[in-house]
Amino acid sequence: MLLKQAAVVMFLSAARSSAFSLGRSAFVSSGAKTAVAKRAVSTTPTMYADPGQAEVILVGCGAPNRGMGWYHAVQMLDDKCPSASLDFIVEPWFMGPGGEGPGGPEFKEWQAESEAKYGVKFATSLDDLPPPAAPRLALISGRTADNPHLLTESIAHGCKCIYLEKPGAPTVTELQQMAKEAEEAGVEVLMGYNKNVCKYVRKTREFAEKTPGSHVTFVSNNAYENTPESLGECFERNAEGMLKNMAIHELALLVSFYDVTVDNIESVTADKEFSSMQTLPGPSGKEFTDFDKIKFTIKTKNGNEVSVAADRCGGTDSYATVTDKAGEEVFRYYMPDDEDKEMVKSLQAKYPTAMPYFFTQDPDYITVKERVAKHTVDGAPAEGIATIGIAVETLKVAEYLTPILQEQLK
């Protein structure tokens, strides 16, 4: 990082800084313009990609300690992803109409700190960015409903590769159109399905393969309070629904490793004793119906059988189990495991008010970003990373399962 923060930038960087400054006013809130103007002639470090690094644009940061985009930023700014240089952050909400609302002051404070310490540039729009000066990667981590137009804008602004957070789009039709648009532009789209590279998934699959007649269950937990207020806020903020949001990672595992597609599903059965569906008002007063917890088993036409359980109020750990032919549990592996728990404790102490699931999945977020960034630079295969094709099939499964499971729970 010290090399990237050198006070004197070489010729290319200087030219790029000049191009950037033409649209500088769009990058900062009015209260920060004076400081930015001073930096144009000061020795404040500026973040530019080094050789061998992708120039990363984070599109959709969200609130500090709550937004997934924010945590992506923290990891890259801390040099956890050697092939990624976080040069630009595009955040239209907190630098615009949301600046004075909940989370706005905290975002402004973090923005000022990040500009001063790392030289990262902030913008309200991709339109305000200079042309790429290195292989450009857009990490899109905003609202799902905004993803289609953000992908279009990222392609238009020179991105070689796009890292798209789950589920990718609100509907299958939109995601298919996005895939088509990217293919026609020659831009690769890879997905942030981090559980595809998780240690607990790998170890569980390896154990199951050695256990004839075994059955795997993937369990995902969040740590929301089990109250109407907490769940109502969750339902509204994640209005696409649990299967397109929290449990979409598990569905991606089923698509990637268990041949689960809409055309190959023979049956799906909800565990009614475990599962729960509620209709609750969100902060806006509008009501939302969703699962607060769901468990189901899928059987495929080619003989696979696998289960998923997801609980919004189940805690911070995810895990997977293997049962034998008699239904007895013979294997369980947690995320985090004992090896990673010290790392989780350290992160909790560093970011005490952040979402707990950031920490349990911290190594996997790093792995996905690093592999995608390296792929953006050198074109080598991003091993284990889900493509937008996998995402389309996953979203199809989510849309197919949701009404079936809702009907079974009535």
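Residues numbered from 1 in each chain as written. Predicted model: local features only at pLDDT ≥ 70, side-chain atom pairs only at ≥ 80, totals over all residues. Heavy atoms only, no water.

With that settled, the discussion passes to the packing of aromatic side chains. Following the criterion strictly, the structure yields 16 aromatic pairs and no others. Judged by centre distance (5.6 Å) and plane angle (20 degrees), the rings of phenylalanine 94 and phenylalanine 107 are stacked. Linking phenylalanine 94 in the loop between strand E2 (84–90) and helix H4 (104–118) with phenylalanine 107 in helix H4, this pair joins segments that are 13 residues apart in sequence. A relative accessible area of 0% places phenylalanine 107 in the buried class. Aromatic pair phenylalanine 107 and phenylalanine 122: ring centres 6.0 Å apart, planes at 80 degrees, arrangement edge-to-face. Of the two residues, phenylalanine 107 sits in helix H4 while phenylalanine 122 sits in strand E3 (residues 121–123), which places them 15 residues apart along the sequence. Here phenylalanine 107 matches phenylalanine 122 in class, with each residue buried. Residue placement shows arginine 205 over the ring face of phenylalanine 257; its charged tip is 3.8 Å from the ring centre. One Lys or Arg, lysine 293, reaches over the ring of phenylalanine 274 and ends 5.3 Å from the middle of that ring. (Phe/Tyr/Trp six-rings, centres within 6.5 Å; stacked < 30°, edge-to-face > 60°. Helix = DSSP H or I, 4+ residues; strand = E, 2+ residues; numbered from the N terminus. Buried < 20%, exposed > 50% of the residue type's maximum accessible area, 1.4 Å probe, protein only. Lys NZ or Arg CZ within 6 Å of the ring centre and 35° of its normal.)

This paragraph deals with the environment of threonine 323. Here threonine 323 shows up in strand E12 (residues 318–323). Residue classification places threonine 323 among the buried residues on the basis of a relative accessible area of 17%. Placed 108 residues apart in sequence, threonine 323 and histidine 215 show a C-alpha to C-alpha distance of 5.2 Å. Beyond its immediate chain neighbours, meaning those up to four positions away, threonine 323 contacts Gly213, Ser214, His215, Glu328, Glu329 and Val330. (Contact = heavy atoms within 4.5 Å.)

Leu243, Phe296 and Leu401 are the most contacted members of the largest nonpolar core, which has 67 residues in total. It is helix H13 (residues 388–409) that contributes the most residues to this core, eight residues altogether. If near-sequence neighbours (up to four positions away) are discounted, leucine 243 is found in contact with Ile248, Leu251, Phe291, Ile294, Phe296, Ala398, Leu401, Thr402 and Leu405. Membership of the second largest hydrophobic core comes to 45 residues, among which are Met68, Ala84, Met355 and Val368. (Core = buried A, V, L, I, M, F, W, Y, C linked by side-chain atoms within 4.5 Å.)

What follows is about the pattern of salt bridges. Counting across every chain of the model gives 18 salt bridges. For lysine 244, the salt bridge goes to glutamate 399, with nearest N and O atoms at 3.0 Å. Taken together, the positions of lysine 244 in the loop between helix H8 (228–237) and helix H9 (248–257) and glutamate 399 in helix H13 put the pair 155 residues apart, joining distant regions of the chain. Take lysine 244: its relative accessible area is 12%, and that puts it in the buried class. For glutamate 399, a relative accessible area of 31% puts it in the partly exposed group. For lysine 341, the salt bridge goes to aspartate 338, with nearest N and O atoms at 3.5 Å. Of this pair, lysine 341 and aspartate 338 both sit in helix H10 (residues 338–350), three residues apart, which is roughly one turn of that helix. Classification of aspartate 338 by relative accessible area gives exposed; the value is 65%. A single salt-bridge network, built from bridges that share partners, covers Lys199, Asp337, Glu339 and Asp340. (Salt bridge = Lys/Arg side-chain N within 4 Å of Asp/Glu carboxyl O.)

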